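Given next are the chains, with one letter for each unit.
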Amino acid sequence: MTDFKNKVIIITGAAMGLGFATAKVLAERGAKLTLVDYNEESLSTAKNEILSEYPSTEIVSIVADVSNEDAVKNYVDETVKAFGRIDGLYNNAGIEGRQASITEYDVDIFKKVIDINLTGVYYGLRYVLPVMQKQNYGRIVNVASVGGIRGVLNQVPYVASKHAVSGMTKNAALEYGRYGITTNAIAPGAILTPMVAEAFNQINPENPKKAETEYAQINPTKRLGLPEEVAKVVAFLLSDDSSYVSGQTIAIDGGQSNMY
Ligand code: NAD
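For every chain, the first residue of the written sequence is number 1, and numbering continues from 1 onward in sequence order. Predicted model: local features are reported for residues with pLDDT of at least 70 only, side-chain atom pairs are reported and counted for 80 or more only, and whole-chain, interface and lining totals are derived from all residues. With hydrogens and water set aside, each side-chain value is computed from the structure's full complement of heavy atoms.

### Describing the overall build of the chain
Then comes step 1: Strands are runs of DSSP state E lasting at least two residues, helices are runs of H or I lasting at least four, and both sets are numbered from the N terminus onward. Each helix and strand counted, the chain has eight helices and seven strands in total.
Then comes step 2: Here the globule rule reads 2.2 Å times residues to the power 0.38, and the radius of gyration is calculated from C-alpha atoms. Computed over the C-alpha atoms, the radius of gyration of the chain is 18 Å, within 12% of the 18 Å expected from 2.2 N^0.38 for a compact globule of 260 residues.
Then comes step 3: Between two residues, a contact is recorded if the distance between any of their heavy atoms is within 4.5 Å. Taking as baseline every contact in the chain between residues at least 6 positions apart, the subset at least 24 positions apart corresponds to 74%.
Then comes step 4: By element, 52% of the accessible surface of the chain is carried by carbon and sulfur atoms, the whole surface being about 12300 Å².
Then comes step 5: A residue counts as positive if it is Lys or Arg and as negative if it is Asp or Glu; His and the chain ends are not included. Where a charge lies is defined by one atom per residue type: Lys uses NZ, Arg uses CZ, Asp uses CG and Glu uses CD. One way to put it: in the chain the 24 positive side-chain charges average out to a point 6 Å from where the 29 negative ones average out. Using a 1.4 Å probe, the Shrake-Rupley method yields the accessible areas, and only the shown protein chains count as cover for residues.

Now the structure itself:
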């Protein structure tokens, strides 16, 4: 498939997990990529891995913390300088924080989760939307979570940030739809990435595999999701095919969020 030929897509949090899986799917389909991450070493490994699999991919890689406004403005400017336009933004970088009840939550970690998961996504919108508005075209996918649809025990800033991402997504759809820009969010359930592996470590430090197996049993599919299963939905939302889908938060969770 070459449906992303000549499309320029920015992916934040591209070095690992969901961002990296999507980068590979889009590279296979011909996209030009700006890969953004604050982990310089992993970003370089990710870029090399993509180039070894898809050698003709044009890639700009930028080390940036999405919670730093100047760094976000810079990754947008550098993308326009390199490729002349921005067709899609996968606003994906995020962290989970620690597991603790509301009254015991570390306030500094609370603020950090909000800074990255909410303000980082907002900065992405703030600087990419004007470029897309001039083009009269754009596709934005923000990353919420099933924790943006309902509560998750002991993850108060994460849940607050992801509900807010879902809300911002609706606003972007309303305010920028007239410029040919669609904005959607995805709400993954538990997908096997380094972030989720760390969560199982925190839930059961003695036996994280047991925590993972127990969690999978709750899911209607009796398994966790794979990053590639998320990447294919994201690719659809970033493609021309999703032209009349906007302001939605789409769960990718094996159906688990329907459970009472
Ligand atoms: P991950 O930890 O495996 O990868 C996240 C990547 O983002 C890493 O490369 C990390 O270095 C980067 N990153 C983190 N903070 C950053 C920052 N401030 N600036 C730049 N880069 C930063 O995580 P993942 O599981 O791939 O999660 C990606 C997104 O998906 C997050 O927003 C997460 O909340 C969301 N999500 C994941 C799951 C899941 O099950 N994996 C479920 C729901 C939502």
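### Thoughts on the layout of surface pockets
Then comes step 1: In this analysis a 1.4 Å probe is tested at points of a 1 Å grid over the protein atoms alone, and where it fits but cannot get out there is a cavity; an open set with protein on both sides within 12 Å along at least five of seven lines is a pocket; lining residues have an atom within 4 Å of a point. Grid points are joined across faces, edges and corners, and a volume is the space filled by probe spheres set on the points. Taken as a whole, the second largest pocket encloses approximately 190 Å³ of empty space.
Then comes step 2: If you trace the second largest pocket, you find it lined by Tyr122, Leu125, Arg126, Leu129, Pro130, Met168, Asn171, Ala172, Glu175 and Tyr176.
Then comes step 3: At the level of elements, helix H4 (107-135) and helix H5 (156-176) are the ones that each hand at least two residues to the lining of the second largest pocket.
Then comes step 4: Of the residues assigned to the lining of the second largest pocket, the class counts are seven nonpolar, one polar and two charged. In this classification, Asp, Glu, Lys and Arg are treated as charged, Ala, Val, Leu, Ile, Met, Phe, Trp, Tyr, Cys and Pro as nonpolar, and every other residue, Gly included, as polar.

### Some remarks on the site of the ligand
Then comes step 1: Neighbouring residues are identified by heavy atoms, a residue being near a molecule or strand if any of them is within 4 Å of it. Among the 29 residues in the neighbourhood of the ligand, the closest are listed as Leu18, Asp37, Tyr158, Ile191 and Thr193.
Then comes step 2: Here a polar contact is recorded for every N or O atom pair within 3.5 Å, except that within protein the pair must consist of a potential hydrogen donor and a potential acceptor, and residues adjacent in sequence are included only if both atoms are side-chain atoms. Met16 places a main-chain nitrogen or oxygen 3.5 Å from an oxygen atom of the ligand.
Then comes step 3: A distance of 3.5 Å separates a nitrogen atom of the ligand from a polar atom in the backbone of Ala64.
Then comes step 4: Counting only elements with at least two residues in the shell around the ligand, the list comes to helix H1 (17-28), H5 and helix H6 (194-203).
Then comes step 5: By residue number, the principal contributor to the shell around the ligand is H6, which donates three residues.

### Observations regarding the nonpolar core
Then comes step 1: We call a set of buried residues a nonpolar core when its members are Ala, Val, Leu, Ile, Met, Phe, Trp, Tyr or Cys and they connect through side-chain atoms within 4.5 Å of each other. We call a residue buried when its accessible area falls under 20% of the maximum for its residue type, exposed when it is over 50%, and partly exposed in between, using a 1.4 Å probe and counting protein chains only. Core analysis: the largest hydrophobic core is formed by 32 residues, its most contacted members being Ile11, Leu26, Leu33, Leu35, Tyr90 and Ile186.
Then comes step 2: Elements with a minimum of two residues in this core: strand S1 (8-12), H1, strand S2 (32-37), helix H2 (40-53), strand S5 (138-143) and helix H8 (227-238).
Then comes step 3: Broken down by element, this core gets its largest block of residues, seven residues, from H1.
Then comes step 4: Setting aside residues no more than four positions away along its own chain, Leu33 makes contact with Ile9, Ile11, Ala23, Leu26, Ala27, Thr57, Glu58, Ile59, Val60 and Phe83.
Then comes step 5: With 30 residues, the next largest nonpolar core counts Ile62, Val66, Val76 and Val165 among its residues.

### Some thoughts on the sheet that holds S2
Then comes step 1: Pairing in this open sheet of seven strands is parallel, and the strands run S3-S2-S1-S4-S5-S6-S7 from one edge to the other. Each edge of the open sheet is held by one strand with a lone partner, namely strand S3 (59-63) and strand S7 (249-252). The sheet shows a mean angle of 15° between the axes of neighbouring strands, taken without regard to direction.
Then comes step 2: In this scheme, strands are said to pair when DSSP sees at least two bridges between them. Of the pairings in the sheet, the one linking S1 to strand S4 (residues 88-91) comprises three bridges and is parallel in character. The residue of S4 that forms the bridge with Ile9 is Gly88.
Then comes step 3: Strands S5, strand S6 (181-188) and S7 of the sheet are contacted by H5, whose axis makes an angle of about 160° with S6. To define axes, lines are fitted to C-alpha atoms, for helices over the stretch in contact only, and angles between the resulting N-to-C directions are given on a 0 to 180 degree scale.

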